[in-house]
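# Examination of the molecular architecture
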Amino acid sequence: MTDAPAPLSRPILAGVVTALVGFTSSFAVVLTGLSAVGASPAQAASGLLILSITMGLACAILASRYRMPITAAWSTPGAALLAATGVVDGGWPAATGAFLVVAALTLLAGAWPGFGGLIARIPASIAQAMLAGVLLPLCLAPVTGIAENPWGVIPVVLTWLIFARVAPRWAVPLAFVAAAIVVGVELVRGGTSMDASILIPRIEFVAPTFTVGALIGIALPLFVVTMASQNVPGVAIMRSYGYDVPWRPAMLVTGIGTAIGAPAGGHGINLAAISAALAASPEADPDPKRRWVAGLSTGVSYIVLGGFAAAFSALVVLAPAAVIPAVAGLALFAAFGSAVQQAVAEPSERMPAVVTFLIAASGLSLAGISAAFWALIAGLLVRLILTRATSRPPAG
């Protein structure tokens, strides 16, 4: 006698949870990143909306076509990179042009295996050290926020800490709920009124432009970070649950989605990494052949959540000082810890990784090009010199 299959509501609910956790735990990082490179509040809200739509469609298409719980996501580390980069020459139009270049590189990685192999040759220690350096200033926000606005930030941090112990999956989303309560209390105390029209979701298009600073300072580091911290780990996580993600179609769908979203402010979509496990694990459905429903449900849920993009953006604009940056910083703690661990895991790679990390964390900008690019170049150069020095035969 065989066990009865789980109700279809189980993978559907798993998809809803995947979308809720993915969205609420990192949307603040996305809005912070888009604003940092020049987006107005309305343009940042547009970016959040178009990202929700395109990654929702990507989930639905890939899950339905390949009958796997494949989920897409926006690039949270990429958004953190934008936050650390700041406005480049050409402003917001140049940033959207860089997003289009990322889309082209993603499509190239899918169409030409040799290009994907070239990117894979960038040592993981260097790529992760660059990411860790980019994330460090953002991860410090909860600490500095306590000093700047203790009554607003401490409830957020305590909520995160409590639920990190009892329900880790929900720690960041519930920290955001605490932040929303703080914002609500401040609005009531200050008697601030809000124009209801700003809650209506809108897509704001901009004509992309292309500048050297944006191409080198945004597009290249954004592509490398997304590949190293999202796409490659996403494939590995899915493989651990018995699913062999079709690389070329996945890059094609996410590349096209990124290209569609770029003029409306979307910095890029990719394969989900950490949140991928929520839809692909046995908890979603004991039957691996039915878990694709969770991927489809995730996609539909993301599109629905996109309808609230303007409301979430308004919440960020109205928030007291330091509250939303604290939430964004807490959301990046896990990514920062993972990046640091991978950067220094191999003793022989530590010194190049440390150089990469320090330059990325410094915020140094030369010739209009962001620190992330210079960190990558410096790390590779130091690694090359040290590798040659250690491989040289002893004299005599």
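Read on for a plain summary of the structure. (Residues numbered from 1 in each chain as written. Predicted model: local features only at pLDDT ≥ 70, side-chain atom pairs only at ≥ 80, totals over all residues. Heavy atoms only, no water.)

Our next topic: the overall build of the protein chain. Along its length, the protein chain carries 19 helices and 2 strands. Here the protein chain has a C-alpha radius of gyration of 21 Å; the compact-globule value for 396 residues is 21 Å, and the two agree. With respect to the principal axes defined by its C-alpha atoms, the protein chain has extents near 75 × 65 × 45 Å. When the 396 residues of the protein chain are sorted by exposure, 52% land in the buried category. Expressed as a percentage of contacts within the protein chain between residues at least 6 apart in sequence, the contacts between residues at least 24 apart total 83%. (Helix = DSSP H or I, 4+ residues; strand = E, 2+ residues; numbered from the N terminus. Rg over C-alpha atoms; globule rule 2.2 N^0.38 Å. Buried < 20%, exposed > 50% of the residue type's maximum accessible area, 1.4 Å probe, protein only. Contact = heavy atoms within 4.5 Å.)

Turning our eyes to something else, we now look at the side chain of threonine 85. Within the secondary structure, threonine 85 sits in helix 4 (residues 76-85). Here the side chain of threonine 85 touches leucine 81 through a polar contact of 2.7 Å, landing on its backbone oxygen. Discounting residues that sit within four places of it in the chain, threonine 85 has contacts with Gly217, Ile218 and Ser370. (Polar contact = N/O pair within 3.5 Å; in protein donor to acceptor, adjacent residues only side chain to side chain.)

Moving on, we come to the environment of serine 362. As for its placement among the helices and strands, serine 362 is situated in helix 18 (residues 350-362). For serine 362, a relative accessible area of 48% puts it in the partly exposed group. A C-alpha to C-alpha distance of 22 Å links serine 362 and glutamate 148, two positions 214 residues apart in sequence.

A separate point is the nonpolar core. Formed by 97 residues in total, the largest nonpolar core has its most connected members in Leu48, Phe99 and Ile218. When residues of this core are assigned to their parent elements, the largest contribution, 10 residues, is made by helix 11 (residues 212-240). Those residues within four positions of leucine 48 in sequence are excluded, and the remaining contacts are Phe23, Phe27, Val30, Leu31, Leu34, Trp74, Ala309 and Phe312. (Core = buried A, V, L, I, M, F, W, Y, C linked by side-chain atoms within 4.5 Å.)

Between the first and last C-alpha of helix 10 (residues 171-190) there are 29 Å, a value that for 20 residues agrees with the 28 Å anticipated at 1.5 Å per step. Along helix 10, the residues classified as buried are Ala171, Val172, Pro173, Ala175, Phe176, Ala178, Ala179, Val182 and Val183. On its buried side, helix 10 packs onto helix 1 (9-24), helix 2 (27-36), helix 9 (150-166), helix 15 (309-318) and helix 16 (323-331). The first or second residue beyond helix 10 is glycine 191, which carries a positive phi of 65°. (Expected span 1.5 Å × (residues − 1).)

What follows concerns the packing of helix 8 (residues 141-148) against helix 9. For the pair helix 8 and helix 9, interaxial distance at closest approach is 6 Å and the crossing angle is 140°. Classified by the interaxial angle, the pair formed by helix 8 and helix 9 is oblique. In this structure, helix 8 meets helix 9 at a crossing whose hand is left-handed. Along its contact with helix 8, which presents Pro142, Gly145, Ile146, Ala147 and Glu148, the element helix 9 presents Pro150, Val153, Ile154 and Val157. Split into classes, the residues belonging to the contact of helix 8 with helix 9 amount to 7 nonpolar, 1 polar and 1 charged. (Axes fitted to C-alpha atoms, helices over the stretch in contact; angles between N-to-C directions. Parallel < 35°, antiparallel > 145°, perpendicular 65-115°, else oblique. Left-handed = near helix turned anticlockwise from the far one by under 90°. Nonpolar A, V, L, I, M, F, W, Y, C, P; charged D, E, K, R; others polar.)

Now for a nonpolar patch on the surface. On the surface, Met351, Val354, Leu358, Leu381, Leu384, Ile385 and Leu386 cluster together to form a nonpolar patch covering roughly 630 Å² of accessible area. Elements that contribute at least two residues to the nonpolar patch include exactly helix 18 and helix 19 (371-391). Counting residues per element, the nonpolar patch draws most heavily on helix 19, which supplies 4 residues. For leucine 384, the location among the structural elements is in helix 19. (Patch = residues over 30% accessible without salt bridge, like charges linked within 9 Å, V, L, I, M, F, W, Y side chains within 5 Å. Areas by Shrake-Rupley, 256 points an atom, 1.4 Å probe, with all protein chains shown as cover. Salt bridge = Lys/Arg side-chain N within 4 Å of Asp/Glu carboxyl O.)

Without other data, these values stay purely geometric and don't point to any function.
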